[in-house]
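# Coordinate inspection notes
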Amino acid sequence: MGQHRDNAPEHRPPVINTDPDAPRPISSDWLTLRRPADEAARQASLPLLAELQAFLTAEEVPDGDEQPVRIFDLGAGTGANQAWLAPQLNATQPQLKQQWTLIDHDPALLEHTMSEPSIDGVIGTEAVVAGIEDLEQILRGDTEAAGHLRFVTCSALLDLLTTTQLDTLCAALAESHTAALFSLSVTGTMTIEPADPLDDSLNKAFNLHQNRGGRAGARGVDLTQQFLADAGFTVTTVDTPWELRGKHTALIERFLSDRADAVLEEEPSLAEDLNQWLARRAEQAAAGSLRLTIGHRDLLALPPRQ
């Protein structure tokens, strides 16, 4: 169905594109720049991972049937989610082998990801260019998973989806009784030290921009939690904020610049104030005196036993 990565990396068929109407790709340099901050923030989610592992291993399988856990990574991008999550799973349960399916609308990102070295505990990786609307079919076609030995995961994605896409995602999980671990969803909160009089109004404008086109924005994780809880899932969340300091200067500068561009699209009348704010913040970032706390939340959803 797609490109495979295993212990024979010289055999790499092309990634299959099943989503010709995909949205504009997210730049790989941004995904690379944010990766250390993501990994630091995700340390707070380790209790959720322990709950997920307990759920997976509680499923009884026939003697001698060593089925791998099948993991479907939505919006896989440059593979940062797999690169962090796979070693965490392997470190605590090395006997539970992993079979990954990386799903993204950008074939270039997946091509790059599939060229990366293999990861301990991962016995195979498949890449499929597809969208949220394809997940139901992908899960229905997964006939190899034993019982509950599979889950869907994503990182920094829920807030980018439309509310319709969130409904589609949650419905696919509910119909297939599949667990989910969703990481680093934006909550809409941001604290900057030292404070600036414009911080609140600019943050409000940014959050409004994130709701354009029917996107869930900061409501994404709450809407997902409500849908899955109503479907009988046990849902647990934990805050996983970015804590950006002097050592994150490059990320801070890029984050604030991109944020300013979004605010300007939402509120052009703020252009002059925004430019002055950004100049002040850039100077503080260069001096290493800027401290940012950016709200994110991780969510674990476990389906009821059948």
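Each remark here, short or long, concerns the structure printed above.
A quick note: this is a predicted structure, and the numbers were derived from the prediction, not measured.

### What about the pairing of strand 3 (residues 69-74)?
Burial analysis of strand 3 places six of its six residues in the buried class, which makes it a mostly covered element. Side chains Val-69, Ile-71 and Asp-73 project from strand 3 onto one buried face, and the interleaved Arg-70, Phe-72 and Leu-74 project onto a second face that is buried too. Two elements, strand 3 and strand 4 (residues 98-104), share six bridges in a ladder whose sense is parallel. Paired with Val-69 across the bridge in strand 4 is Gln-98. The parallel pair strand 3 and strand 4, bridged by helix 3 (residues 80-92), forms a crossover whose chirality is right-handed. Examined bridge by bridge, strand 3 and strand 6 (residues 150-155) share five bridges and lie parallel to one another. Counted as the bridge partner of Leu-74 is Cys-154 from strand 6.

### Regarding the packing of helix 7 (residues 199-209) against helix 9 (residues 249-266)
The geometry of helix 7 relative to helix 9 is characterised by a closest axis approach of 8 Å and an angle of 80 degrees between their N-to-C directions. The orientation of helix 7 relative to helix 9 falls into the category roughly perpendicular. Every residue of helix 9 that contacts helix 7 at Leu-202, Asn-203, Ala-205, Phe-206, Leu-208 and His-209 is listed here: Arg-259, Ala-262, Val-263, Glu-265 and Glu-266. Of the residues assigned to the contact of helix 7 with helix 9, the class counts are six nonpolar, two polar and three charged.

### Some words on the side chain of Gln-210
Within the fold, Gln-210 resides in the loop between helix 7 and helix 8 (220-230). A distance of 3.2 Å separates polar atoms of two side chains, one belonging to Gln-210 and the other to His-209.

### Concerning the packing of aromatic side chains
On inspection of all chains with the given rule, the structure shows two aromatic pairs. Centre to centre, the rings of Trp-242 and Phe-255 are 6.0 Å apart; their planes meet at 65 degrees, and the pair counts as edge-to-face. In this pair, Trp-242 sits in strand 9 (residues 242-244) while Phe-255 sits in helix 9, placing the two residues 13 residues apart along the sequence. For Trp-242, a relative accessible area of 2% puts it in the buried group. Judged by its relative accessible area of 10%, Phe-255 is buried.

### Here we look at the pairing of strand 6
Extensive coverage of strand 6 is indicated by the burial of six of its six residues. What you see with strand 6 is no split at all: Arg-150, Val-152 and Cys-154 on one side and Phe-151, Thr-153 and Ser-155 on the other are buried throughout. Here strand 6 runs beside strand 7 (residues 179-193); their pairing, made up of five bridges, is parallel. Among the inter-strand pairings, Ser-155 is bridged to a residue of strand 7, identified as Ser-183.

### Considering the environment of Asp-120
Locating Asp-120 in the fold gives a position in the loop between helix 4 (107-114) and strand 5 (122-129). What makes Asp-120 exposed here is its relative accessible area of 61%. Between the alpha carbons of Asp-120 and Asn-90 there is a distance of 7.0 Å; along the sequence they are 30 residues apart.

Here is what the cut-offs are and how they apply
Per-chain numbering applies: the sequence of each chain, read as written, is numbered from 1 onward. Totals for whole chains, interfaces and linings use every residue, but because this is a predicted model, local features are given only for residues with pLDDT of at least 70 and side-chain atom pairs only at 80 or more, for both listing and counting. Hydrogens are left out, water is left out, and the side-chain values use all remaining heavy atoms of the structure. Any residue under 20% of the maximum accessible area for its type is buried, any over 50% is exposed, and the rest in between are partly exposed; the area is computed with a 1.4 Å probe on protein chains only. Secondary structure elements follow DSSP: runs of H or I of four or more residues count as helices, runs of E of two or more count as strands, with numbering from the N terminus. A pair of strands counts as paired when DSSP detects no fewer than two bridges linking them. Orienting the strands away from the viewer, one traces the path from the first strand over the helix to the second; a clockwise path indicates a right-handed crossover. The axes used here are C-alpha line fits, helices contributing only the stretch in contact, and every angle between their N-to-C directions lies in the interval 0 to 180 degrees. For classification purposes, angles smaller than 35 degrees are called roughly parallel, those larger than 145 roughly antiparallel, those between 65 and 115 roughly perpendicular, and all remaining angles oblique. Any two residues whose heavy atoms approach within 4.5 Å are treated as being in contact. Nonpolar residues are Ala, Val, Leu, Ile, Met, Phe, Trp, Tyr, Cys and Pro. Charged residues are Asp, Glu, Lys and Arg, and all others, Gly as well, are polar. What qualifies as a polar contact is a pair of N or O atoms within 3.5 Å, subject to a donor-acceptor requirement within protein and to the restriction that residues adjacent in sequence count only when both atoms come from side chains. Whether two aromatic rings pair depends on their centres lying within 6.5 Å, for rings of Phe, Tyr and Trp, where Trp uses its six-membered ring; planes under 30 degrees apart make the pair stacked, over 60 edge-to-face, and the rest tilted.

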